[in-house]
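Coordinates in review
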Amino acid sequence: MAAGTEREAESDSEGGTDVVAGGGYPAACDTPARKLLYDMVSIPSPSGEEERAAERLVDFFEANGREAWIDEVGNVRAPADDAVLLTSHVDTVPGDIPVEVRPAPPEGELPEPSDVRVGEPGDPVLWGRGSVDATGPLVAMAVAAVKTGVSFAGVVREEVDSGGARALIEDRDAPEAVVNGEPSGWRGITLGYRGLLEGTYVNTSESGHSSRPEPNAIQHAIDWWHGVEAAFTPDDAETAVFDQVTTKPISVDGGLSDDGLAVEATMDVQLRIPPSRPVDEIHELAEAELSTGSVHWGEPMPPVMESPRTDLARAFRVAIRGAGGDVRLLRKTGTSDMNLFAAAWDCPMVTYGPGNSDLDHAPDERLPLPDLDRAVDVLTEVCRKRR
């Protein structure tokens with residue numbers, strides 16, 4: 001076990017499975033979910049280094065009488081009742097944030113060094129990398145899976161190439177429903193994500209004196225990118241970001257070749273694609289701006305937009321209201337593993353999890369522990385209703 005060897009049990013008051021977690025925690029970490037979250041956030045798990053965190057998760061399932069293992073790509077697998085598959089990612093982005101529990105400050109004040117307020121005054125708040133994206137959702141799902149007996153998967157490499165989700169899709173059949181774990185806030189469910197198209201522009205031109213008027217490969221790269229930006233600028237300035245194709249250069253490299261006989265240019269780019277625009281159309285419009293050079297495209301991540309009227313979405317609305325929340329239906333401008341699940345599996349799905357996504361990848365990442373508790377309650381109710 002990666003953290004803590006003493007075990008304490010908390011009974012599920014509705015007659016379900018007792019849930020076991022570790023021991024030796026701050027006073028506020030007084031439930032199995034809070035203890036497991038403290039353990040998991042205390043274990044660094046950047047993409048490619050998820051093994052210790054995955055082992056802690058397997059320990060948690062085995063301590064609670066559930067079969068679980070780490071598969072060949074590093075995913076944590078705990079299959080059971082496929083009425084629902086709860087899945088989130090084990091990996092985080094890099095970053096060393098001291099793991100500690102602090103009370104949320106009084107109303108109108110912000111904790112150092114943050115400009116984002118989360119939690120009610122006095123609420124215990126867990127600081128640490130991954131507490132929001134997405135170890136908080138991952139832990140809420142693990143606890144709900146133990147309570148209800150539904151299937152669970154903790155996938156790896158979501159932050160880099162979604163390799164874990166891709167392997168999971170190849171290795172198992174579609175469940176009856178999917179709940180993907182990412183921060184939506186315990187009151188929110190995410191129904192839509194934009195897609196992602198990544199490419200690399202490459203060009204070479206003859207070297208020559210910089211006083212010559214002919215454009216070189218670097219200038220051609222800049223001109224192509226300006227054309228792409230113009231092609232996807234919306235006619236209506238009020239168009240919501242979710243409904244736009246947005247463009248972003250990620251890296252640029254250029255200069256003389258090693259032999260000094262050519263000018264070379266390489267530009268890595270990303271285009272975010274709304275569900276209303278086919279990926280093939282975006283690909284063609286971007287290439288239409290080429291006057292020279294070429295673009296090598298990666299495998300696209302398709303956009304997704306789920307209906308709010310599925311039985312699964314309705315179950316979440318009922319559960320959130322039952323826990324005292326006002327439901328928020330969300331569309332995210334980035335991507336998640338749900339994009340891949342929706343493309344591969346014909347079943348209802350949503351993305352859900354505690355946490356304020358404004359704190360994703362941030363140096364002040366933190367999660368109010370009462371929000372974790374409420375998310376566990378919501379997930380447990382949804383899973384029970386679907387079984």
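Residues numbered from 1 in each chain as written. Predicted model: local features only at pLDDT ≥ 70, side-chain atom pairs only at ≥ 80, totals over all residues. Heavy atoms only, no water.

If you check an unreviewed UniProt entry, the protein chain appears there as Putative [LysW]-lysine/[LysW]-ornithine hydrolase from Halorubrum distributum JCM 9100. Word for word, the UniProt comment on the protein chain under Function (unreviewed entry) is "Catalyzes the release of L-lysine from [LysW]-gamma-L-lysine and the release of L-ornithine from [LysW]-L-ornithine." Heading Subcellular location (unreviewed entry) of the UniProt record for the protein chain holds this comment: "Cytoplasm". (UniProt positions renumbered as here; feature names shortened; annotations may be inferred.)

1. Brief notes about the overall build of the protein chain
Of the regular secondary structure elements, the protein chain holds nine helices and 18 strands. Computed over its C-alpha atoms, the radius of gyration of the protein chain comes to 23 Å, within 12% of the 21 Å expected for a compact globule of 387 residues. Structurally, the protein chain occupies a C-alpha span of about 80 × 45 × 40 Å along its principal axes. Split into buried and exposed, the 387 residues of the protein chain put 52% on the buried side. For the protein chain, the proportion of contacts with a sequence separation of at least 24, taken over those separated by at least 6, is 77%. When the accessible surface of the protein chain is split by element, carbon and sulfur atoms take 45% of a total near 17,100 Å². (Helix = DSSP H or I, 4+ residues; strand = E, 2+ residues; numbered from the N terminus. Rg over C-alpha atoms; globule rule 2.2 N^0.38 Å. Buried < 20%, exposed > 50% of the residue type's maximum accessible area, 1.4 Å probe, protein only. Contact = heavy atoms within 4.5 Å. Areas by Shrake-Rupley, 256 points an atom, 1.4 Å probe, with all protein chains shown as cover.)

2. A look at the nonpolar core
Grouped together as the largest cluster of nonpolar side chains are 56 residues, with contacts concentrated most on Leu57, Phe61, Leu86, Phe152, Val179, Phe316 and Tyr352. Among the elements that make up this core, the one with the highest residue count is helix α3 (residues 135-148) (nine residues). Discounting chain neighbours no more than four positions away, the residues touching Phe61 are Arg66, Ala68, Ala78, Ala142, Ala145, Val146 and Phe152. Residues Ala217, Trp225, Met267 and Ile273 belong to the second largest nonpolar core, which totals 20 residues. (Core = buried A, V, L, I, M, F, W, Y, C linked by side-chain atoms within 4.5 Å.)

3. Some points on the packing of α3 against helix α9 (residues 369-386)
It is the contact of α3 with α9, at a shortest axis distance of 9 Å, that shows an interaxial angle of 45°. On the basis of the axis angle, α3 is oblique to α9. α9 is crossed by α3, and the crossing has right-handed handedness. Taking contact as the criterion, the partners of Gly136, Val139, Ala140, Met141, Val143, Ala144, Lys147 and Thr148 in α3 are, on α9, Leu372, Ala375, Val376, Leu379, Thr380, Cys383 and Arg384. (Axes fitted to C-alpha atoms, helices over the stretch in contact; angles between N-to-C directions. Parallel < 35°, antiparallel > 145°, perpendicular 65-115°, else oblique. Left-handed = near helix turned anticlockwise from the far one by under 90°.)

4. Things to note about the environment of Asp371
Its location among the elements puts Asp371 in helix α9. Judged by relative accessible area, which is 17%, Asp371 ranks as buried. Not counting residues up to four positions away in its chain, the partners in contact with Asp371 are Trp186 and Pro354.

5. Topic: the domain arrangement of the protein chain
Domain boundaries assigned for the protein chain yield domain 1 (30-192 + 302-383) and domain 2 (194-295). Taken together, the two surfaces of domain 1 and domain 2 that pack against each other cover about 850 Å², and 62% of this comes from carbon and sulfur. There are one salt bridge connecting domain 1 and domain 2. Note that Arg331 is salt-bridged to Asp243, the shortest N-O span being 3.5 Å. Taken together, the links from domain 1 to domain 2 amount to six residue pairs in polar contact (both at pLDDT 80 or more). Going through the elements one at a time, β15 (304-305) and β16 (328-332) are the ones with two or more residues in the side of domain 1 that touches domain 2. Looking at the side of domain 1 that touches domain 2, its residues break down into four nonpolar, five polar and two charged. (Domains from an automatic or database assignment. Buried area = accessible area lost by both parts, 1.4 Å probe. Salt bridge = Lys/Arg side-chain N within 4 Å of Asp/Glu carboxyl O. Polar contact = N/O pair within 3.5 Å; in protein donor to acceptor, adjacent residues only side chain to side chain. Nonpolar A, V, L, I, M, F, W, Y, C, P; charged D, E, K, R; others polar.)

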